[in-house]
Amino acid sequence: MITVGLLGCGNIGHVIAKGQENFRITAVYDSVSARAEAFGKEFGAAPYDDFAAFLQEPTDIVVEAASVAAATTHAESILLAGKDLVIMSVGALADVSFREELIQTAREMKKKIHIPSGAIMGLDNIRVGQISGIDKFVLRTTKNPKSLSREAEEKTCIFSGKAYDCVHQYPKNTNVAESLSIACGRDVDVELWMDPNEDRNMHEIFFEGEFGEAYIRVRNVPSPDNPATSYLAALSILSLLQNLDNPLVIGA
Ligand SMILES: NC(=O)C1=CN([C@@H]2O[C@H](COP(=O)(O)OP(=O)(O)OC[C@H]3O[C@@H](n4cnc5c(N)ncnc54)[C@H](O)[C@@H]3O)[C@@H](O)[C@H]2O)C=CC1
Ligand SMILES: O=C([O-])CC(=O)C(=O)O
């Protein structure tokens, strides 16, 4: 049975705890220690308020489902502790030198860094962008203003530019922009819209290159406990964890 350490006992943490199958969450850490305590009690995991002690637990893999700040602070020490790592707050990897250092550490430690598909679909084959020419790559994200903790009377574009800048301005809402950039091997173009008439978290991907062209549209149900996060993002980690020890690997 794969043992998991969970960094971040929020919305995503709860979804994966409820779906434990082929893996067990045995240790949890949250900067709000009452959350780790309550989570530990509900799901039978050991709660920690000291990160070094959390890493001492003999877990196989740590799932970061907390924040870009948490991923930035803790990713390296997780790998150095000899654990595989799942990063949900992918915006942390927008800093190329930080990302390269992490990959180097993972290589030296013979550990893996997993980036789940999260709130989008198609991340697998978007990797063809690394081996074949791309003419255009645009991510258009549209969310209800509530999901962005904002208000708006009408559909409004609040960002248009590169993923690198978008994840710094909207770290809780655009991790997918960085996942796509890493997958296709270039800093992709991003538009971020808020629309009071849209009740889903919508991501549209426009991708053209040597392979042909693709248009992917995902209209995600927001998580009831955190409308910024699509429910699909939590399901995506769950699917990754449930299949870690599956000999049959599906997708690119
Ligand atoms: N890659 C993707 O496609 C997606 C990524 N996300 C990201 O996943 C992460 C988790 O999302 P949710 O569970 O919905 O968030 P949430 O806000 O419901 O839960 C986050 C939990 O982490 C804790 N936390 C925050 N910073 C921390 C730190 N520095 N150290 C320890 N604990 C910390 C909070 O106290 C909270 O309990 C967020 O960063 C979110 O932006 C969300 C959706 C899609
Ligand atoms: O959950 C979503 O729809 C996307 C999201 O917040 C992110 O990329 O951080």
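Residues numbered from 1 in each chain as written. Chains lettered and ligands numbered in written order. Predicted model: local features only at pLDDT ≥ 70, side-chain atom pairs only at ≥ 80, totals over all residues. Heavy atoms only, no water.

### Considerations on the overall build of the chain
To keep it simple, the criterion reads: Helix numbering and strand numbering both begin at the N terminus, where a helix is a DSSP run of H or I of at least 4 residues and a strand a DSSP run of E of at least 2. Values of the radius of gyration come from C-alpha atoms, whereas the globule rule sets the reference at 2.2 Å times the count of residues to the power 0.38. Relative accessibility thresholds used throughout: buried, under 20% of the residue-type maximum; exposed, over 50%; partly exposed, between the two (1.4 Å probe, protein chains only). We call two residues in contact when some of their heavy atoms are within 4.5 Å. Surface accessibility follows the Shrake-Rupley procedure with a 1.4 Å probe radius. Residue values consider only the protein chains on display as shielding.
Broken down by element type, the chain carries nine helices and 13 strands. Expected size for 252 residues packed as a compact globule is a radius of gyration near 18 Å; at 18 Å, the chain falls within 12% of this value. Here the chain, with 252 residues, has 49% of them falling under the buried criterion. Restricting to contacts in the chain with at least 6 residues of sequence separation, those with at least 24 account for 65%. A total accessible area of about 12300 Å² is found for the chain, and carbon and sulfur atoms account for 48% of it.

### Considerations on the site of ligand 1
The following threshold applies: Being near a molecule or strand, for a residue, comes down to having at least one heavy atom within 4 Å of it. Polar contacts here mean pairs of N or O atoms no more than 3.5 Å apart (in protein, one a potential hydrogen donor and the other a potential acceptor; neighbouring residues in sequence count only if both atoms are side-chain atoms). Ten residue types, Ala, Val, Leu, Ile, Met, Phe, Trp, Tyr, Cys and Pro, are classed as nonpolar, four, Asp, Glu, Lys and Arg, as charged, and the remainder, Gly among them, as polar.
Neighbouring ligand 1 are 27 residues; Ile12, Asp30, Arg35, Ser89 and Thr229 lie closest to it. Interatomic distance of 2.9 Å between a side-chain N/O atom of asparagine 11 and an oxygen atom of ligand 1. One of the backbone nitrogen or oxygen atoms of methionine 88 is found 3.0 Å away from a nitrogen atom of ligand 1. Protein burial of ligand 1: of its 860 Å² of free accessible surface, 85% is covered by the chains. Taken together, the elements giving at least two residues each to the shell around ligand 1 come down to helix H1 (11-18), helix H8 (175-184) and strand E13 (226-230). Looking at side-chain class alone, the shell around ligand 1 contains 14 nonpolar, ten polar and three charged residues.

### Description of the site of ligand 2
Every residue lining ligand 2 is accounted for by Ala119, Lys143, Lys172, Asn173, Thr174, Asn175, Val176, Asn201, His203, Ala228, Thr229 and Ser230. Alone, ligand 2 offers 260 Å² of accessible surface; in the complex the protein occludes 95% of this. Only H8, strand E10 (201-209) and E13 provide two or more residues apiece to the shell around ligand 2. Per element, the largest residue contribution to the shell around ligand 2 is three residues, and it comes from E13.

### Some thoughts on a negative patch on the surface
To keep things clear, this is the line we draw: Only residues whose relative accessible area exceeds 30% and that form no salt bridge enter a patch; like-charged residues are grouped when within 9 Å of one another, and nonpolar side chains (Val, Leu, Ile, Met, Phe, Trp, Tyr) when within 5 Å. Basic side-chain nitrogens of Lys or Arg form a salt bridge, by our definition, when they fall within 4 Å of a carboxyl oxygen of Asp or Glu. Within this scheme the basic residues Lys and Arg register as positive and the acidic residues Asp and Glu register as negative, but His and the chain ends are omitted. Each charge is placed at NZ for Lys, CZ for Arg, CG for Asp and CD for Glu.
On the surface, a cluster of negative charge is contributed by Asp135, Glu208, Glu210 and Glu213. The class for glutamate 208 is partly exposed, based on a relative accessible area of 31%.

### Comments concerning the UniProt feature "domain: Aspartate/homoserine dehydrogenase NAD-binding" (unreviewed entry) in the chain
The cut-off we apply is this: UniProt positions are given in the numbering used here, feature names are shortened, and annotations may be inferred rather than shown by experiment.
Look at the UniProt record and you will see "domain: Aspartate/homoserine dehydrogenase NAD-binding" (unreviewed entry) annotated at residues 8-116. Along residues 8-116 one finds 48% helix and 18% strand; the C-alpha atoms at either end are 16 Å apart.

### Overview of the sheet that holds strand E1 (residues 2-7)
Quick note on the threshold: Two strands make a pair as long as DSSP finds a minimum of two bridges between them.
Judged by pairing direction, the sheet is parallel, and its six strands sit side by side in the order E3-E2-E1-E4-E5-E6 without closing on themselves. Taken across any chain shown, the strands that pair with only one partner, and hence form the sheet edges, are strand E3 (46-48) and strand E6 (113-114). When strand E5 (residues 84-87) meets E6, the two strands line up parallel, connected through two bridges. The residue bridging leucine 85 from the neighbouring strand is isoleucine 113, located in E6.

### With respect to unusual backbone geometry
Not every positive phi belongs to a glycine, and asparagine 22 is a case in point at roughly 75 degrees. Position of asparagine 22 among the secondary structure elements: in the loop between H1 and strand E2 (23-29). Unusually for a residue other than glycine, serine 149 sits at a positive phi of about 55 degrees. Within the element layout of this structure, serine 149 appears in the loop between strand E7 (134-143) and strand E8 (156-162).

### Quick notes on the packing of aromatic side chains
Quick note on the threshold: Pairing of aromatic rings covers Phe, Tyr and Trp, the last counted by its six-membered ring, and requires centre-to-centre distances within 6.5 Å; plane angles under 30 degrees mean stacked, over 60 mean edge-to-face, and any other angle means tilted. We count a charge as sitting over a ring when the NZ of a lysine or the CZ of an arginine lies within 6 Å of the ring centre and within 35 degrees of the ring normal.
Under the criterion given, the structure shown has eight aromatic pairs. Through successive ring pairs, a cluster of aromatic residues spans Tyr29, Tyr48, Phe51 and Phe54. The side chain of lysine 155 reaches across the aromatic face of tryptophan 193, ending 5.1 Å from its centre.

### As for the pattern of salt bridges
Across all of its chains, the model carries six salt bridges by this definition. Its salt-bridge partner being glutamate 191, residue arginine 140 comes within 3.0 Å of it at the nearest N-O pair. Taken together, the positions of arginine 140 in strand E7 and glutamate 191 in strand E9 (residues 189-194) put the pair 51 residues apart, joining distant regions of the chain. Of the residues examined, arginine 140 reaches a relative accessible area of 28% and is grouped as partly exposed.

### Some points on a nonpolar patch on the surface
Together, Val221, Tyr231 and Leu235 make up a nonpolar patch on the protein surface, roughly 240 Å² of accessible area in all. Tracing the backbone shows leucine 235 in helix H9 (residues 231-242). For leucine 235, a relative accessible area of 32% gives the class partly exposed.

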